[in-house]
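Residue-level listing of the chains:
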Amino acid sequence: MFEPVWVQFAVLCPEQPEFNPGHPLGCHRRRVPDRVVFEHVIAALVHGSGYERIASEGCSDRTIRRRLRSWAEAGLGEQVHELALDAYDRMIGLDLADVSADGAITKAPCGGDRAGRSPVDRGKGGMKRSTGVDGYGIPLGIVGATANRHDSPLLRDTFEACSTQLRHFWPEQVTAHLDRGYDSKRCRDLLDEIGFDAEIACKGVPAPIQVGKRWVVERTNSWVNGFGKIRRCTDRNAKIIDFYLYLTAAIVTIRQLIHRARTLYRWDTRPTTRRLK
């Protein structure tokens, strides 16, 4: 799983000199390679560890933080996710006729730009993400917010993020499948405005998650919650949080691309097991 993500990420990384040309003595320690730092960032994302814990002799925690900040400010997380979506669409095909969106609340114990009082965790610090997915559950766009935000006001930003990642490409007819939290005139007017048909569960009427096509977003939320840094976010900077969210979405997309391509294509390094690492 690491190599496909790194190959795309390496293309986006800006080239930097091996030594700092502005150093007063004309020399300096060699710059830590981007791949080494990226491996540490992936370890932090998967395990949710602090940077001090995953730092090594060849890469300090300050190097990880500094490089991570520069990558987040350059928007590399969004760009690598966009490339992953393009590859998935060319090889498998995105199901954009049916889309879903939903929010998920996770822990944010260190506060920061995306931390707020969690309504499901006794008022402790929490972060909410609103994710839009296609008909199979491939994440199209993610919006981060504080945990005390309601899902429905985030719907516009979610679909705008999806549109940006898809380069504003939508089929002529799109149906949005949403749960009862979006059952309001505000959300229906928004869907009419952007030209989406609405399939929204009604408040007060039992609607099992298996009914309709919105269950895929719940599965995607489960996939994303498998990453420790998302499940318990300790970063405070909103750009770094967005970088992790979109990097996670890119990994989920590439993993599903490999899973589905196993039965459609043949290549030398084709995995023989569904369990990818």
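Just above, that's the structure.
So, a few notes on the structure that sits alongside this text. For clarity, every value in this text was computed on a predicted model and none was experimentally measured.

What follows concerns the packing of aromatic side chains. Across all of its chains, the model carries 10 aromatic pairs by this definition. Pairing F9 with F243 gives two aromatic rings, centres 6.2 Å apart and planes at 75°, and the pair type is edge-to-face. Of this pair, F9 sits in helix α1 (residues 2-12) while F243 sits in helix α10 (residues 238-261), placing them 234 residues apart in sequence. The exposure class assigned to F9 is buried, which follows from its relative accessible area of 0%. Look at F243 and you get buried, because its relative accessible area is 1%.

What follows concerns the pairing of strand β4 (residues 139-146). Where burial is concerned, most of β4 is hidden: 8 out of the 8 residues are buried. When strand β3 (residues 125-133) meets β4, the two strands line up antiparallel, connected through 7 bridges. Considered in β4, the bridge of V133 is made with P139.

Here we take up the state of the cysteines. One pass over the structure, following the stated rule, counts 0 disulfides. No disulfide involves C59; its sulfur sits 13 Å from the nearest other cysteine sulfur, which is in C13. Judged by relative accessible area, which is 0%, C59 ranks as buried. Residue C162 stays outside any disulfide, its sulfur separated by 14 Å from that of C187, the closest cysteine.

About the criteria used
- Note that residues are indexed from 1 along each chain, following the sequence as it is written.
- The predicted nature of this model means local features are confined to residues of pLDDT at least 70 and side-chain atom pairs, given and counted, to a pLDDT of 80 or more, with totals for whole chains, interfaces and linings taken over all residues.
- The side-chain quantities take in all heavy atoms of the structure and omit both hydrogens and water.
- Geometry of aromatic contacts follows a simple scheme: Phe, Tyr and Trp rings, the Trp one being its six-membered ring, pair when their centres are within 6.5 Å, and the pair is stacked under 30 degrees between planes, edge-to-face over 60, tilted otherwise.
- Only DSSP runs of H or I reaching four residues or more are called helices, and only runs of E reaching two or more are called strands; each is numbered from the N terminus.
- For each residue, the accessible area found with a 1.4 Å probe, counting protein chains only, is set against the maximum for its type, and the residue is called buried under 20%, exposed over 50%, and partly exposed in between.
- In this description, strands pair whenever DSSP reports at least two bridges between them.
- In this description, a disulfide is simply a cysteine sulfur pair whose atoms lie within 2.5 Å.

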